[in-house]
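Listed below, chain by chain, are the residues.
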4 protein chains.
Amino acid sequence: MSTTDKELRVGMVGYAFMGAAHSQAWRTVNRVYDLPARARMALICGRDTGKVADAADRLGWDAYTTDWRDLISRDDIDVVDVCTPGDSHAEIALAALAAGKHVLCEKPLANTVAEARAMTAAADTARAAGVRSMCGFNYRRVPAVTMMRQLVADGRLGVIRHVRATYLQDWIVDPQFPLVWRLQKDRAGSGALGDIGAHIIDLTQFVTGQRITGVSAVTETFVKERPLPAGSSGLAASVDGSGSADGNAAVTGPVTVDDAAVFVARLDGGALATYEASRFATGRKNALRVEINGSLGSVVFDLERLNELEFYDATRPSVEQGFSRILVTEGEHPYMSAWWPPGHIIGYEHSFTHQMRDFIEAVATGVDPAPSFADALQVQLVLDAVTRSAEIGSSWTEVQPALAAVAV
Amino acid sequence: MSTTDKELRVGMVGYAFMGAAHSQAWRTVNRVYDLPARARMALICGRDTGKVADAADRLGWDAYTTDWRDLISRDDIDVVDVCTPGDSHAEIALAALAAGKHVLCEKPLANTVAEARAMTAAADTARAAGVRSMCGFNYRRVPAVTMMRQLVADGRLGVIRHVRATYLQDWIVDPQFPLVWRLQKDRAGSGALGDIGAHIIDLTQFVTGQRITGVSAVTETFVKERPLPAGSSGLAASVDGSGSADGNAAVTGPVTVDDAAVFVARLDGGALATYEASRFATGRKNALRVEINGSLGSVVFDLERLNELEFYDATRPSVEQGFSRILVTEGEHPYMSAWWPPGHIIGYEHSFTHQMRDFIEAVATGVDPAPSFADALQVQLVLDAVTRSAEIGSSWTEVQPALAAVAV
Amino acid sequence: MSTTDKELRVGMVGYAFMGAAHSQAWRTVNRVYDLPARARMALICGRDTGKVADAADRLGWDAYTTDWRDLISRDDIDVVDVCTPGDSHAEIALAALAAGKHVLCEKPLANTVAEARAMTAAADTARAAGVRSMCGFNYRRVPAVTMMRQLVADGRLGVIRHVRATYLQDWIVDPQFPLVWRLQKDRAGSGALGDIGAHIIDLTQFVTGQRITGVSAVTETFVKERPLPAGSSGLAASVDGSGSADGNAAVTGPVTVDDAAVFVARLDGGALATYEASRFATGRKNALRVEINGSLGSVVFDLERLNELEFYDATRPSVEQGFSRILVTEGEHPYMSAWWPPGHIIGYEHSFTHQMRDFIEAVATGVDPAPSFADALQVQLVLDAVTRSAEIGSSWTEVQPALAAVAV
Amino acid sequence: MSTTDKELRVGMVGYAFMGAAHSQAWRTVNRVYDLPARARMALICGRDTGKVADAADRLGWDAYTTDWRDLISRDDIDVVDVCTPGDSHAEIALAALAAGKHVLCEKPLANTVAEARAMTAAADTARAAGVRSMCGFNYRRVPAVTMMRQLVADGRLGVIRHVRATYLQDWIVDPQFPLVWRLQKDRAGSGALGDIGAHIIDLTQFVTGQRITGVSAVTETFVKERPLPAGSSGLAASVDGSGSADGNAAVTGPVTVDDAAVFVARLDGGALATYEASRFATGRKNALRVEINGSLGSVVFDLERLNELEFYDATRPSVEQGFSRILVTEGEHPYMSAWWPPGHIIGYEHSFTHQMRDFIEAVATGVDPAPSFADALQVQLVLDAVTRSAEIGSSWTEVQPALAAVAV
């Protein structure tokens, strides 16, 4: 741990899947990295007193509250970490920024472009006062992903021709899987598209350094009606994020989000791209896979084998060309000097530790972390273009400019 | 070899890549399979006397001719095997059918829907007279592909939700690669789309037993001008299929076909599909890859590892579920009883031997082989829909019905 | 975290690689598992005051000491965690057991069979007084490894015929890599054999439930002289475990341990086995790979892809048999319910968290954890047989019985 | 086909598995390679008139005979291709060489060292008269294997430290599999050891350019009694090579060969090696796998994916080091210019075509082909050392010198 006495007091809103992942990262980050400030797990917030008290104890937070406005109003909180479903991101983040708190907000930034625009504007205003904000696209900090970006930035791939990105899961293939909040548009904004599609949009734009300019899309809801979660008396009831709950088969409700979204896209550097996000890809558990082909080389990444990067270097002698499986566990690889010897792999949660590392460093040294809210707005604009294209028979749909005075 | 004395005398038109592959198959098929007729490599046809004479000697044909009309008019030819570029398929095949010859025609069936319709009509007419016709989508006869179809047909995948198909190559990434005939629309019809995209269209329709009903597509020509092939004085000159010829940098011509084509599609059974064909995927040599996800299971195939099939059976105990790498080399696997012991792999050319096996058997026993010209027309209609969608801003484009009285 | 108030106060000796890994596990274990006691990171011990103070701060221990005897004598320590090089294991563990402390001792248990016997005897004596002991073969707790054992125990592999185990690294291929303590027999006991060979001996005995009965071995030291570590004035100086230190080329010393050890073995259930441990396998970073073939099936494990298990079930229909790549990340898989959703992988360090989980549970509920010191002694006896066989021209060498009245 | 009129008239003895593979190669070789002579499939020999007549017809040989002495005595035969079980290799090959025929003899060269020595001596004598001989270790001609040898020869691996070779099959795991000739010592010489172990001994010596100097070995026969093949009235009866025949459970006989053989070895260049050959590795069909680690790099080969070679180049920048999966299908790769475009894979049988190519070229141009009988004798001497070591409790056993005046 650093010798600094500087402390960043974190207040986290939400304690489900993302809350647990963030807690593990806040707890670990100063134990492995030498940073200019120490994170203090000061306060956790959730609506249910019993559950949040239990979460505070289990996850190791100093205190808890059931009112996020209380969390934001306290003087002894420096950072607000927003881990709630997307429908409350905007309200909480706007309030936090207004209160001068640094904000780390989970992805997708918001459920609508309008909210994302407002949040980006607020972040810009707050920046002038030294307040930092960041959106939690944690996969940017998987070492192999960071390395991909470096290879592209160093020109090792040449002119990028193709991007091929899928994020495939299969947790709702069973039609009896219940209607959890992630399947409700008013809570989640969209389905596979915003939940996992957002990751591959951000990741590919990050790695290539290019923006998606237009899309042609198709979305689908394969199972249109599902049982309400057990214990739920209706859609108004609280629907938790648990995937294991058995449905209440007697009462069903409509699925209001996409099960899958596929689209072709063009990037502003000339590349052609395909994207697919689905929760119906049987056998694929967390299959975020990206391949990028350039005039001088290619890279392939698979989140289920996140310690590996395949790199094809077309400038090598032709008889020796091949995809090299690089084990991204050397001390020289991004973020890895703090961890274990080569070949001792890291896991999913480490991407959050790396994210907290960069966030703490940025806040403590007074620079802006990335991805900014503006970067996340760009992702939101792509999601919006996908949705609109799907609504108009897949017609080519331009991604709206982030800064233009467009009514949304 | 079978004890039969029945002989099928084959006349083959063309002697380049496909001609060599077909020759290897005709030479081998009766040596490994016990069939009701023996193929005789009777006559080979090419325009250049010296080259075709050499090909006849090298590839083992009894005789040669430089005039395909001569080949068709001969009484001692039973089968016409069309291995020319797509622009001559229709003319040759129509003449052969009219002359009562059984026809095996390379894919894509034709360069236009109109030609393919005419060929299909002619095949239907000829069928009444006992004349057989088949289109050479050889990958259907890769044992792992045949096995995929059987798994789907047996209901092992349940309801199919996703089809994900790519056919990626990289042989023209270098902008100095010359303007060979495959890059000229008047000869090849289209570029990656018709050459390799046609394969994945046929293969996925074959495996799923479903038809593509509509598409939204984007195509691209990354390198728009290329040097003419060495020795060529212009586009009128003969441009052979060799990929190794150095271009004549001093004189260039326009590339008139697509370098890459990507599209999303819907199948008539409800599946969502993505397709990508490219000759610019650096590092991918012959990467025909197909993944199909159903409600009960998934399959994955990769032509570069064509002896393997990955099968995910979601009906197994959940803790044991995983993609099984099946080595499709057992005697019980399709076509494999004739070859080597388990684990002794076969290669690309064997798909042609299997194709000839089924063709000979069908002709000798008086049944229709598959894929028929009608099946190939369906592929042509999809190619046509892709082209049209790309021309109108990727808008959703229905695949025309094969049998309707539509003006084309 | 559990609702228990029971606390286990841990004192850890050592703070290098293993100390860091153990700290991460002690810090995390009660955050993810609900256990009957909470671990308290009470005291850390190291010889250098400045370094141990820094380690205490960085790794999050309440206090530090430079005298391990002090650590053992304190009343407020319940558990002694031994993370030092092997030459001090026996002395520390014996003292700790004598003082009534529960002991977790890193592997290999000791540098000699005599020490391991003494430790095992002491552990047996202490057990009668309710004192628990365990050896840190952490890889037993990789979920895929635990699952392998369950498959074998459930009879899914039938009669085991073959064990094939390698543990390959490459960190000393460079002859200029310095003479760190792991390359000195008096500190490390042996080289690749005891350091990583011990892991595959334990792991395969654990998974198969069988013991190695005899071996025929060859060992080799490829680079016999190496530069002393920088800052070292001789072998008497402290040689830390860092692999990155540049050697002091001007002064060299003899490598007194094996660089690689290979041996064939027989297991008491009739299986034939091969083992290989090497630090000279260029390109292999942490390649612990085990394959087990039985009459009904096979399993394959690779530590560099530790979230995966390949399982071949020979009782399935023959055309569908294949190695299934099981992603061992389902909630039903061993240890995994506490972590992330399926497909969100874990890393190397999690094996330690799982180890601490089982150790805490065993101590808190008064049962003996495994592997016991007796289990670790069995590994030591195999290491001893390997060493002896290598010394007598690879002649077949029986593994000594653990319990016999043999003079050692 | 070449323009040459020179013809090599081949007489082949045997028509089972190897006979079929050789026939396919003789039939193909001049169709794809331009060579200084043409092979003519002149005469095939087998003991059973009906079966050999059928084989001649099916495999495409001009004529047949039931007496190998007749085959050898004929003036119109230039080459004798010996594809019989090992117990008749010596007699046939010696007679053929004495008659001035060029000889291609399947591996292993013989069933005993004495026979192999006699054959080597005869080959040396015949060489003086311009008669060529070669042993059929066909895997040397898998392009990826040839490439491995080139990489080693070019110094790309540096000093070789480790060789790790396995050849695993599973076709006799079922104890009801019958007692075919390959399981009888008097016919086959040995079991897995000579049949498939011989391949990895030859292949690794070929690739490394080093010889095995000594071994320590264990062999095992897991199933000691098996049913006689159906239709067999006793061991004296003809036991064919078919693996699919059901046994005659009522009558059993003893298995007189090894089911598995494992050994450690040293090579004369200083490398440590492990070898394993087994027919009891459930799930492994034809798993010849070789890994070689050198001071500068490593290579990995797997016969079930014979078109691929993994190459690790430790001289590359450390962050980019990784095993490159090279698709050995480029025109510049060994033997591949004659086949298909990149990525269009070849199969098992092609190794024989490449072997015939080099054999024809050597014979036609008057040079000695490799591997010579002397090379094959060296393999036999290793097999012999393995057998002897296994008989004397795995004690280290030197491989006898090939040329010494040792009584055997």
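What counts and how
- Residues numbered from 1 in each chain as written.
- Chains lettered and ligands numbered in written order.
- Predicted model: local features only at pLDDT ≥ 70, side-chain atom pairs only at ≥ 80, totals over all residues.
- Pairing = 2+ DSSP bridges.
- Helix = DSSP H or I, 4+ residues; strand = E, 2+ residues; numbered from the N terminus.
- Axes fitted to C-alpha atoms, helices over the stretch in contact; angles between N-to-C directions.
- UniProt positions renumbered as here; feature names shortened; annotations may be inferred.
- Expected span 1.5 Å × (residues − 1).
- Bend = angle between axes of the 7 residues up to and from the residue.
- Buried ≥ 20, exposed ≤ 12 C-beta atoms within 10 Å, placed from the backbone.
- Core = buried A, V, L, I, M, F, W, Y, C linked by C-beta atoms within 7 Å.
- Contact = placed C-beta atoms within 7 Å.
- pLDDT = per-residue confidence, 0-100.
- Least-squares fit on C-alpha atoms with pLDDT ≥ 70 in both.
- Domains from an automatic or database assignment.
- Nonpolar A, V, L, I, M, F, W, Y, C, P; charged D, E, K, R; others polar.

A. Region of the structure containing the sheet that holds strand 6 (residues 133-136) of chain B. All names here are of chain B. With parallel pairing, the six strands of this open sheet are ordered in space as 3-2-1-4-5-6. Both outer strands of the open sheet, strand 3 (63-65) and strand 6, are each paired with one neighbouring strand and no more. Between one strand axis and the next, the sheet turns by 25° as a mean value, whatever way the strands run. Where strand 1 (residues 7-13) lies against strand 4 (residues 79-82), four bridges are found, and the strand directions are parallel. Bridging from a neighbouring strand, Val13 pairs with Val82 of strand 4.

B. Representation of the UniProt feature "domain: Gfo/Idh/MocA-like oxidoreductase N-terminal" (unreviewed entry) in chain A. Annotation from UniProt places "domain: Gfo/Idh/MocA-like oxidoreductase N-terminal" (unreviewed entry) at residues 8-126 of chain A. As annotated, residues 8-126 of chain A has a helix share of 48% and a strand share of 22%, and its two end C-alpha atoms lie 18 Å apart.

C. Region of interest: helix 8 (residues 192-208) of chain C. Residue and element names in this part refer to chain C. Its 17 residues place the ends of helix 8 23 Å apart at the C-alpha level, agreeing with the 24 Å of an ideal helix rising 1.5 Å per residue. Roughly 35° is the biggest bend found in helix 8, and it falls at Ala198. The buried fraction of helix 8 amounts to 17 of the 17 residues, a majority that puts the element mostly inside the structure. Note on helix 8: the residue one or two positions beyond its end, Gly209, has a positive phi of about 70°.

D. Seen up close, the nonpolar core. Judged by nonpolar contacts, the single largest core of 552 residues is most densely connected at Ile44(A), Ile44(B), Ile44(C) and Ile44(D). Those residues in contact with Ile44(A), other than ones at most four positions away along the chain, are Met12(A), Tyr15(A), Val52(A), Ala55(A), Ala56(A), Leu59(A), Trp61(A) and Tyr64(A).

E. Highlighting unusual backbone geometry. Omega for the peptide link from Ala370(A) to Pro371(A) comes to 0°, which places this bond in the cis form. Along the chain, Pro371(A) falls in the loop between helix 9 (350-365) and helix 10 (373-391). In this model, Lys107(C) is joined to Pro108(C) through a cis peptide bond whose omega is -10°. As for its position among the elements, Pro108(C) is in the loop between strand 5 (102-106) and helix 5 (113-128).

F. Region of interest: the confidence of the model for chain A. Residue and element names in this part refer to chain A. Within chain A, residue pLDDT values average 93, and 93% of them lie at 70 or more. Low pLDDT, under 50, characterises residues 233-245; the stretch is placed with 23 contacts to residues that sit more than four places away or in other chains. For this predicted complex, the interface confidence reaches an ipTM of 0.93, while the overall pTM sits at 0.95.

G. Highlighting the relation of the copies chain B and chain A. When chain B is fitted to chain A, the residual RMSD is 0.0 Å, and the transformation amounts to a turn of 180° plus an axial shift of 0.0 Å. Taken together, the rotation angle and the small translation identify this as a two-fold axis. Among all residues of chain B, the minimum C-alpha distance to the rotation axis is found for Ser395(B), at 2.1 Å. When the interface residues of chain B are mapped onto chain A, 100% of them again fall at the interface, so both copies present the same face.

H. Fine view of the domain arrangement of chain A. All names here are of chain A. Domains assigned within chain A are domain 1 (7-138) and domain 2 (140-369). Each of domain 1 and domain 2 was reduced to a C-alpha centroid, and the two centroids are 22 Å apart. Looking at the side of domain 1 that touches domain 2, the elements that each hand over two or more residues are helix 1 (17-32), strand 5 (102-106) and strand 6 (133-136). Broken down by element, the side of domain 1 that touches domain 2 gets its largest block of residues, nine residues, from helix 1. In terms of residue class, the side of domain 1 that touches domain 2 is made up of 18 nonpolar, nine polar and four charged.

I. Structural detail: the interface of chain C and chain D. Each partner contributes to the interface: chain C provides 32 residues, whereas chain D provides 32 residues. Grouping the constituent residues of the side of chain C that touches chain D by class yields 14 nonpolar, 14 polar and four charged.

J. Representation of the interface of chain B and chain A. Tallying the contact residues gives 32 residues for chain B and 32 residues for chain A. Of all the secondary-structure elements, those providing two or more residues to the side of chain B that touches chain A are strand 7 (160-168), strand 8 (212-220), strand 11 (260-267), strand 12 (272-278), strand 13 (287-294) and strand 14 (297-302) of chain B. Each residue belonging to the side of chain B that touches chain A can be placed in one class, and the counts come to 14 nonpolar, 14 polar and four charged.

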